[in-house]
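One-letter residues, chain by chain:
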Amino acid sequence: MHRPIKSWENLPLPPEELERKREKLQELFGEVLTTLGFDWKRDPNMVDTPKRIAKMFLEFTEGNFTPMPSITVFDLSEMEKDRVVGNIPVFVGPIEIKSLCSHHFLPIMGNVYFEYIPESKVLGLSKIPRIIKWLARRPIIQELFTRQIVKTFLEILNNVKGIAVYVKAKHMCMTVRGVNESNAYMITEAFYGLYKENEELRANFLRKIKE
Ligand SMILES: [Zn+2]
């Protein structure tokens, strides 16, 4: 027994609108290169660069204009609830993410670890990484992104005993410029439900990440 549900009512962008967006971006990135002092139209290595950058930024931000991947939620019967679920955490990770930071529009690369404790609904497993990757495809602030993952899965499951999220990522705005610190990671966590009260559950979740 399952039903697909959709959250975040993004409608798919019509192809002609997407093409208009790409053309506009291409034009603007051309202006950026000109402003930076490059004679890009006459440089064979740069002549298509505004086009490439436009496509790349559309790829980096596609979560903003594509619908959330549909997710399969399985309802458990009364019998299965007692027999199968109990308090069994379901762990998924590492889930690789590629994103952009809202402050500098430079890449963020890292891993997300996700765990939840079902109540009467369980998720189709492969859909968890799909949704997390989709959430990452837009400019983010890692702290808010971590909480957004919890919020989104709460919305999808609407009854769940607990959710735990751990994000470990490198921010290019810190590694290639500014402080130039290439070994530092940013780590953020968010907990909901049983994880808030139960230290052992939290410790077990964090132990799985280190394995
Ligand atoms: Zn940044």
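Bear in mind that the values here come from a model prediction, so they are computed numbers and not experimental data.

**Things to note about the nonpolar core**
Next, step 1: Of all hydrophobic cores here, the largest spans 34 residues; its most connected members are F114, I132, F145 and F153.
Next, step 2: Counting residues per element, the ones that place at least two in this core are β2 (71–75), β3 (90–101), β4 (107–118), β5 (121–123), α4 (127–136), α5 (142–157) and β7 (160–171).
Next, step 3: In contact with I132, not counting residues within four places along its chain, are I95, I97, V112, F114, F145, I149 and F153.
Next, step 4: Counting residues in hydrophobic clusters, the runner-up holds nine residues, among them I117, A164, Y195 and L201.

**Thoughts on the coordination of the zinc ion**
Where a metal carries four tetrahedral donors, each ideal angle is 109.5 degrees; where it carries six octahedral donors, the ideal angles are 90 or 180 degrees.
Next, step 1: For the zinc ion, the full set of protein donor atoms is C101 (SG), H104 (ND1) and C173 (SG), and the range of their distances to it is 2.2 to 2.3 Å.
Next, step 2: Written as a sequence motif, the donor arrangement for the zinc ion is C-x2-H-x68-C. Here C173 lies in helix α6 (residues 172–175) and H104 lies in the loop between β3 and β4, a separation of 69 residues in the sequence.
Next, step 3: Taking relative accessible area as the criterion, C173 reaches 12% and is therefore assigned buried.

**Here's the deal with the domain arrangement of the protein chain**
Next, step 1: Split by domain assignment, the protein chain resolves into domain 1 (1–67) and domain 2 (73–210).
Next, step 2: For domain 1 versus domain 2, the distance between C-alpha centres works out to 27 Å.

**Focus: the pattern of salt bridges**
Next, step 1: Evaluated as defined, the whole model comprises seven salt bridges.
Next, step 2: A salt bridge links E27 to K24; the nearest nitrogen and oxygen atoms lie 3.9 Å apart. Within this pair, E27 and its partner K24 are both found in helix α1 (residues 15–35), separated by three residues, close to a single helical turn.
Next, step 3: A relative accessible area of 47% means that E27 is categorised as partly exposed.

**Quick notes on α4**
Next, step 1: Here α4 lies mainly inside the structure; eight of its 10 residues are buried.
Next, step 2: Regarding α4, the residues found buried are K127, I128, P129, I131, I132, W134, L135 and A136.

**Notes on the environment of F145**
Next, step 1: Mapped onto the elements, F145 comes out in helix α5.
Next, step 2: With relative accessibility at 3%, the residue F145 sits in the buried group.
Next, step 3: With sequence-adjacent residues up to four places away left out, F145 is seen in contact with I97, V112, I132, L135, A136, I140 and V167.

**Some words on the sheet that holds β3**
Next, step 1: One open sheet holds the five strands; their spatial order is β6-β3-β4-β7-β8, and the pairing between them is mixed. Two strands close off the open sheet at either side, each with one partner strand: β6 (139–140) and β8 (186–193).
Next, step 2: Alignment of β7 against β8, held across eight bridges, turns out to be antiparallel. The residue bridging K168 from the neighbouring strand is I187, located in β8.
Next, step 3: Across the sheet, helix α8 (residues 199–210) touches β3, β4, β7 and β8, and the angle it forms with β4 is around 135°.

**Some points on the packing of α1 against helix α2 (residues 49–60)**
Next, step 1: It is the contact of α1 with α2, at a shortest axis distance of 8 Å, that shows an interaxial angle of 125°. Taken together, α1 and α2 sit at an angle that is classed as oblique. Two packed elements cross with a definite hand, and for α1 against α2 that hand is right-handed. In contact with K21, R22, L25, Q26, F29, G30 and L33 of α1, α2 contributes T49, P50, K51, I53, A54, K55, F57 and L58.
Next, step 2: Considering only residue class, the contact of α1 with α2 consists of eight nonpolar, three polar and four charged.

**With respect to a nonpolar patch on the surface**
Next, step 1: A grouping of V32, L36 and F38 is seen on the molecular surface, where their side chains present a nonpolar patch of about 280 Å² in accessible area.
Next, step 2: Position of F38 relative to the elements: it lies in the loop between α1 and α2.

Conventions we followed
- All chains use their own residue numbering, which begins from 1 and follows the written sequence.
- Local features in this predicted model are restricted to residues of pLDDT 70 or higher, and side-chain atom pairs are both shown and tallied only at a pLDDT of 80 or more, whereas totals for entire chains, interfaces and linings draw on every residue.
- Neither water nor hydrogens contribute to the side-chain values; these are computed over all heavy atoms in the structure.
- Within this scheme, the nonpolar core is defined by two criteria: the residues are buried Ala, Val, Leu, Ile, Met, Phe, Trp, Tyr or Cys, and they are joined through side-chain atoms within 4.5 Å.
- Relative accessibility decides the category of a residue: with a 1.4 Å probe and only protein chains considered, values under 20% of the type maximum give buried, values over 50% give exposed, and everything between is partly exposed.
- By the criteria applied, helices consist of DSSP H or I runs no shorter than four residues and strands consist of E runs no shorter than two, each listed in order from the N terminus.
- Contacts between residues were defined by any pair of non-hydrogen atoms, one from each residue, lying within 4.5 Å.
- Coordinating N, O and S atoms are those within 2.8 Å of the metal (3.2 Å for Na, K and Ca), and as water is not part of the atoms, a site may appear to have fewer donors than expected.
- Segmentation of the chain into domains, including their bounds, is taken from an automatic or database domain assignment.
- In what follows, salt bridge is the name for a side-chain nitrogen of Lys or Arg lying within 4 Å of a carboxyl oxygen of Asp or Glu.
- Should DSSP find at least two bridges between two strands, the strands are taken to pair.
- Fitted lines through C-alpha atoms serve as axes, helices being fitted only where they are in contact, and the angles separating the N-to-C directions of these axes extend from 0 to 180 degrees.
- Orientation is classified from the angle alone, with under 35 degrees giving roughly parallel, over 145 giving roughly antiparallel, 65 to 115 giving roughly perpendicular, and any other angle giving oblique.
- Definitions for this section: a left-handed crossing has its near helix turned counterclockwise from the far helix by less than a right angle. A right-handed crossing has that turn clockwise.
- Each residue gets one label: Ala, Val, Leu, Ile, Met, Phe, Trp, Tyr, Cys and Pro are nonpolar, Asp, Glu, Lys and Arg are charged, and the others, such as Gly, are polar.
- A patch is a set of surface residues, each over 30% in relative accessible area and not in a salt bridge, joined within 9 Å for like charges and within 5 Å for the nonpolar side chains Val, Leu, Ile, Met, Phe, Trp and Tyr.
- Using a 1.4 Å probe, accessible areas were evaluated by the Shrake-Rupley method; residue-level cover was limited to the displayed protein chains.

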